[in-house]
Amino acid sequence: MEGGYVLDFSNRTIEEHFEDEFGIEFYSYQYAANGNSKANRLRTILATLEGPKAALVLKNLWDVRNTLPLYGNAAEPSQEDKLRKAYFSIVGQLEGANPAIDLKAFENFDDSDTLHALLQSIERDIRDDAPEAAIDRLHLFCVKRFRHLLEVRQIASEKDEPLNSLVGKYKKALEAEGVISPMSLVFIRYSIAVFEKFNAIRNDRSLAHDNTLLDPREARFIFDAVGAVLRFIKGIDDDFGG
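Residues numbered from 1 in each chain as written. Predicted model: local features only at pLDDT ≥ 70, side-chain atom pairs only at ≥ 80, totals over all residues. Heavy atoms only, no water.

(A) Highlighting the packing of helix α7 (residues 135-151) against helix α9 (residues 182-204). Interaxial distance between α7 and α9 falls to 9 Å at its minimum, and their mutual angle equals 140°. With respect to each other, α7 and α9 are oriented oblique. For the crossing formed where α7 meets α9, the hand is left-handed. In contact with Ile135, Asp136, Leu138, His139, Cys142 and Phe146 of α7, α9 contributes Phe195, Phe198, Asn199, Ile201 and Arg202. Of the residues that constitute the contact of α7 with α9, the class distribution is seven nonpolar, two polar and two charged. (Axes fitted to C-alpha atoms, helices over the stretch in contact; angles between N-to-C directions. Helix = DSSP H or I, 4+ residues; strand = E, 2+ residues; numbered from the N terminus. Parallel < 35°, antiparallel > 145°, perpendicular 65-115°, else oblique. Left-handed = near helix turned anticlockwise from the far one by under 90°. Contact = heavy atoms within 4.5 Å. Nonpolar A, V, L, I, M, F, W, Y, C, P; charged D, E, K, R; others polar.)

Written as structure tokens, this is what we have:
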């Protein structure tokens, strides 16, 4: 909508459409706060609606778009599919059906360009609702994160040491420090087996090699599960200085 237009709507037809479909007075003064073009009014309307109602509007406009030869015939199938996927990812988040993956624990803990580029790559795939494409980089981030946690404690690790071994050393360090409860230590111990399986997922079901990728739903579950562990240890090591 860079030019201010919305699909092929005229001033009259968009006013009628929003009144008939949603009971919204499109040209009400309250929607002119960010400009009077159709595009700016639509952006303002979407920003004022509750998530599910905004999702309803977006789905309706996509259906209108599909009736227009300009979009249906001119677009490359791959580009159209990419656009549709991104569009309905937003719709899903507004509906609450597909909430965004929590990336708060994914931070540049050593302030390096390499880690910055890695995080940007992960965030880009998550923003595009493609967690399955980022599984190999999630694994790499975890390796870097746990190796860093050991380094700040002056605990040695091998360059090719598997992720689950790094987590095991970290668990022993926490146990020696006595900073978390026995119950939390149990959860960390169980996570060692999870990270061991994650090694196989990285090798056999990610873009690390020429593999068949995970189902996006399973990839999202892995991101959520690994992210929960990372958020927990972030809280611990913010106090430790790691």
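(B) Molecular detail of the packing of α7 against helix α8 (residues 163-177). Close contact between α7 and α8 brings their axes to 9 Å; oriented N to C, the two are set at 30°. Accordingly, the angle class assigned to the pair α7 and α8 is roughly parallel. Helix-helix and strand crossings are classified by hand; for α7 and α8 the assignment is left-handed. Two secondary-structure elements touch here, α7 through His139, Cys142, Val143, Phe146, Arg147, Leu149 and Leu150 and α8 through Leu163, Leu166, Val167, Lys169 and Tyr170.

(C) Local environment of α8. Taking 1.5 Å of rise per residue, the 15 residues of α8 would be expected to cover 21 Å, and the 21 Å separating its terminal C-alpha atoms lies within 8% of that figure. Of all the positions in α8, only Leu163, Asn164, Leu166, Val167, Gly168, Tyr170, Lys171, Ala173 and Leu174 are classed as buried. Positive phi shows up at glycine 178, right after α8, with a value of about 65°. (Expected span 1.5 Å × (residues − 1). Buried < 20%, exposed > 50% of the residue type's maximum accessible area, 1.4 Å probe, protein only.)

(D) Examining a negative patch on the surface more closely. There is a patch of like negative charges on the surface, built from Glu15, Glu19, Asp20, Glu21 and Glu25. Tracing the backbone shows glutamate 19 in helix α1 (residues 11-22). (Patch = residues over 30% accessible without salt bridge, like charges linked within 9 Å, V, L, I, M, F, W, Y side chains within 5 Å. Areas by Shrake-Rupley, 256 points an atom, 1.4 Å probe, with all protein chains shown as cover. Salt bridge = Lys/Arg side-chain N within 4 Å of Asp/Glu carboxyl O. Lys, Arg positive; Asp, Glu negative; His and termini not counted. Charge placed at Lys NZ, Arg CZ, Asp CG, Glu CD.)

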